Amino acid sequence: SADVREPHIKPVLRLIAAQLAEHPDVEFSGGKPSSPPRWDRFVLADQVEPVPSWAMIYWDAGTVSEAPLVMQTWQQHGVQTILVFSRADDHEAAKAFLDQLITQATGPRSPYRGRLLKAAWGGSGVLLDVLPDPTEHRERLILPAAVWDALDLNVHRMFSRMDAFRTAGLGSNRGVLLAGPPGTGKTAACKVLAREVLGGVTAIFVDSKTGQGLLPQLYSEISGMAPALVLLEDLDLLVGARHDGSARYALFDFLTVLDGLMTQHQDVVTVATTNDPEAVDAGVRRAARFDRADRMPDGQPV
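First things first, this report covers the structure right here in the doc. Given the structure is predicted, the values throughout are model-derived calculations rather than measurements.

Parameters at a glance
- Residues numbered from 1 in each chain as written.
- Predicted model: local features only at pLDDT ≥ 70, side-chain atom pairs only at ≥ 80, totals over all residues.
- Heavy atoms only, no water.
- Helix = DSSP H or I, 4+ residues; strand = E, 2+ residues; numbered from the N terminus.
- Buried < 20%, exposed > 50% of the residue type's maximum accessible area, 1.4 Å probe, protein only.
- Contact = heavy atoms within 4.5 Å.
- Axes fitted to C-alpha atoms, helices over the stretch in contact; angles between N-to-C directions.
- Parallel < 35°, antiparallel > 145°, perpendicular 65-115°, else oblique.
- Left-handed = near helix turned anticlockwise from the far one by under 90°.
- Core = buried A, V, L, I, M, F, W, Y, C linked by side-chain atoms within 4.5 Å.
- Pairing = 2+ DSSP bridges.
- Salt bridge = Lys/Arg side-chain N within 4 Å of Asp/Glu carboxyl O.

Some words on the overall build of the protein
Part 1: A count of helical and extended segments in the protein gives 10 helices and 13 strands.
Part 2: Every one of the 302 residues in the protein was classed for burial, and the buried ones make up 49%.
Part 3: Put simply, 70% of the contacts in the protein that link residues at least 6 apart link residues at least 24 apart.

Observations concerning the side chain of Asp90
Part 1: Assignment of secondary structure puts Asp90 in the loop between β6 (79–85) and α2 (91–106).
Part 2: Overall, Asp90 belongs to the buried group, its relative accessible area being 14%.
Part 3: Once residues within four sequence positions are removed from consideration, Asp90 is found in contact with Ala67 and Pro68.

What about the packing of helix α1 (residues 9–22) against α2?
Part 1: As a packed pair, α1 and α2 sit with axes 8 Å apart at the nearest point and diverge in direction by 115 degrees. Classified by the interaxial angle, the pair formed by α1 and α2 is roughly perpendicular. Considering the relative orientation of α1 and α2, their crossing is right-handed. Of the residues in α2, those touching α1 at Pro11, Val12, Leu15, Ile16 and Gln19 are Phe97, Leu101, Gln104 and Ala105.

Some thoughts on the nonpolar core
Part 1: Counting residues in hydrophobic clusters, the biggest one holds 54 residues, and the most contacted among them are Met71, Leu235 and Phe254.
Part 2: It is α1 that contributes the most residues to this core, six residues altogether.
Part 3: Among the nonpolar cores identified, the runner-up in size contains 27 residues, and Val155, Leu193, Phe205 and Val271 belong to it.

Quick notes on the pairing of β6
Part 1: By the criterion of burial, β6 is predominantly enclosed, with five of the seven residues buried.
Part 2: Note that strand β1 (residues 2–4) and β6 share three bridges and pair antiparallel. Looking at β6, one finds that Val4 is bridged to Gln80.
Part 3: Here seven bridges tie strand β5 (residues 69–76) to β6, and the two strands are oriented antiparallel to one another. Across the sheet, Gln75 pairs through a bridge with Gln80, a residue of β6.
Part 4: Count of turn residues in the β5/β6 antiparallel hairpin: two residues, of which His77 carries a positive phi of about 55 degrees.

Regarding the environment of Asp89
Part 1: By the secondary structure assignment, Asp89 is in the loop between β6 and α2.
Part 2: Asp89 sits in the exposed class, given a relative accessible area of 76%.
Part 3: A sequence separation of 22 residues divides Asp89 from Ala67, and the C-alpha atoms of the two residues are 9.4 Å apart.

A few points about the pattern of salt bridges
Part 1: This structure, assessed with the given rule, holds nine salt bridges.
Part 2: A salt bridge links Lys118 to Asp207; the nearest nitrogen and oxygen atoms lie 3.8 Å apart. You can see Lys118 sitting in strand β7 (residues 116–122) and its partner Asp207 sitting in the loop between β10 (202–206) and α6 (208–211), a full 89 residues away along the chain.
Part 3: Taking the relative accessible area as the measure of exposure, Lys118 reaches 27% and is therefore partly exposed.
Part 4: Put simply, Arg138, Asp152 and Glu196 are held in one network by salt bridges that share partners.

What follows is the structure, encoded as structure tokens:
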């Protein structure tokens, strides 16, 4: 058995739905043999897919496994439970099938990979919403060439050379800090970057409220979707100076996450924005956490 929590509930059910489509003759019912299965909705931007949240599925030998298996799914309080039943001699086959299902749905076959996401609070952790692809182009955003050069070097070039960095035993994570008053193009520049990397890279927008208390889980989840671009907005509201007691725990989480002490993520570029860089704790701004800090020009039209 396995309990699947946010943000992987719908991706796992989506993979089960795909397996049902591959084997249309398979027998399945609701929680009881006499009841119909219950379906939920998985929204992927402008696409809606049905997924089986309450079902009993009878897999014949040679469908999803060499052994005959029975799968039961149900959901309660934001937690999806999946049970796989087998004969005693087929226990290892049942376990292998369940492990592979969850690994594929949360990693290589995750529907979140290569998309634009927004992280939010979920019932049992991080909730990921799939957003429409951004339409912003750098040609429509008036910024100095030096800002684009820095972003190209620390974002695009980093993604293009991550394999080489790992082969050389170097870190494949990077941080960039964009600072400037509201209206100077920070968020618009992040949307441009997201549009330019999508497909080969997963892009995730994270606001300061969501970041409080969820960063460790978020960066752990990212490891299955990398390479990834994390766009963290209003960093000063998340990690103020450490003498501010209200920000102490969020600051600790952020420092340890970026240092890799809480997670083992790789191939992640974090671009954070702030209206007030002086309000961001000095420990966050130091080198090795943010490799580059760029100030947006005041009064820049966007």
